Amino acid sequence: MKRKLLLTLVFILATAALTACSCSISPGASPSPSPSALTATPSPTQSATASPSPMESAATTPGASAASPSPESSAQTDAAIDLDALAQEVEKLSEVSLCDVVAEGDRAVVGLSFDAQYQGTLTDRIEEMVREKITGIESAVIHIAVTADPTLCTEIKNLAQEVQGKPMTEEQMAKFDELYEKIQPAGTESSAA
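The following refers to the structure shown. These numbers were taken from a predicted model, which means no experiment stands behind them.

## Overview of helix α5 (residues 83-90)
- For α5, the complete set of buried residues consists of L83, L86, A87, E89 and V90. Looking straight down α5, one finds its buried side chains confined to an arc of 160 degrees; they lie on one side.
- Taken together, the buried residues of α5 touch β1 (96-104), β2 (107-114), α6 (124-137) and α7 (150-163).
- Where α5 begins, the side chain of D82 points an oxygen toward the backbone nitrogen of D84, at a separation of 3.2 Å.

Rendered as structure tokens:
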């Protein structure tokens, strides 16, 4: 009999404590369950349950729309590509001495100079490694034209220096398109062979 009375009293106290706690939580936050005398499992703290989820955080943070960028943010993304970071990543390849990159939208042109110890030429394997390095940093850049032709490499280097952190002018875009077309057909044929 005493045991039933004690359990009933504990239940009433636990219910009263839960009711008091749920009234003190700010609106919009879910109440955190408090441990009762009958449970031994710890409950999450209120700060953990009141913090927004990563999806809520991205939705409320200005400019954090990763799922569907607006046309304005797409234009800003093009200008935000760090060409130096792309070139430095490609230069980590043992065969490559110098690399110049110009990227626009989902396309990039890459000029390579080989290390003195590397006696080969531009191969499909090296082109693939360059593509992997670039898409590893900028996943949006998926069409990558790679060349080791000294004349084209000089043109890519000059364009990269002109663009450096700024949006391309119409003249620079025309030069980029011209370089891409000169390089890409050869790269497309060699990768299909």
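So, next bit.
## Some details on the nonpolar core
- One finds V109, V110, L112 and V130 to be the most contacted residues of the largest nonpolar core, which totals 33 residues.
- Those elements that provide at least two residues to this core are α5, β1, β2, α6, β3 (143-147), α7 and α8 (170-192).
- Residues contacting V130, with those up to four places away along its chain left out, are V90, L93, V110, L112 and V146.

## Considering the environment of V96
- When you line up the elements, V96 lands in strand β1.
- It is 9.6 Å that separates the C-alpha atoms of V96 and V130, two residues lying 34 residues apart in sequence.
- In this structure, V96 is in contact with V90, E91, L112, S113, F114 and D115, ignoring residues within four places of it in sequence.

## Details of the sheet that holds β1
- Pairing is mixed across the open sheet formed by three strands, whose spatial order is β1-β2-β3. The open sheet terminates on both sides in strands that have one partner only, identified here as β1 and β3. Averaged over neighbouring strand pairs, the angle between their axes works out to 20 degrees when direction is ignored.
- Pairing analysis gives five bridges linking β2 to β3, with the strands arranged parallel. Its bridge partner being in β3, V110 is matched across the sheet by V146.
- Strand contacts of α5: β1 and β2, with the helix running at about 145 degrees to β1, the strand carrying the most contacts.

What counts, and at which threshold
- Residues numbered from 1 in each chain as written.
- Predicted model: local features only at pLDDT ≥ 70, side-chain atom pairs only at ≥ 80, totals over all residues.
- Heavy atoms only, no water.
- Buried < 20%, exposed > 50% of the residue type's maximum accessible area, 1.4 Å probe, protein only.
- Helix = DSSP H or I, 4+ residues; strand = E, 2+ residues; numbered from the N terminus.
- Arc of directions from axis to C-beta.
- Contact = heavy atoms within 4.5 Å.
- Polar contact = N/O pair within 3.5 Å; in protein donor to acceptor, adjacent residues only side chain to side chain.
- Core = buried A, V, L, I, M, F, W, Y, C linked by side-chain atoms within 4.5 Å.
- Pairing = 2+ DSSP bridges.
- Axes fitted to C-alpha atoms, helices over the stretch in contact; angles between N-to-C directions.

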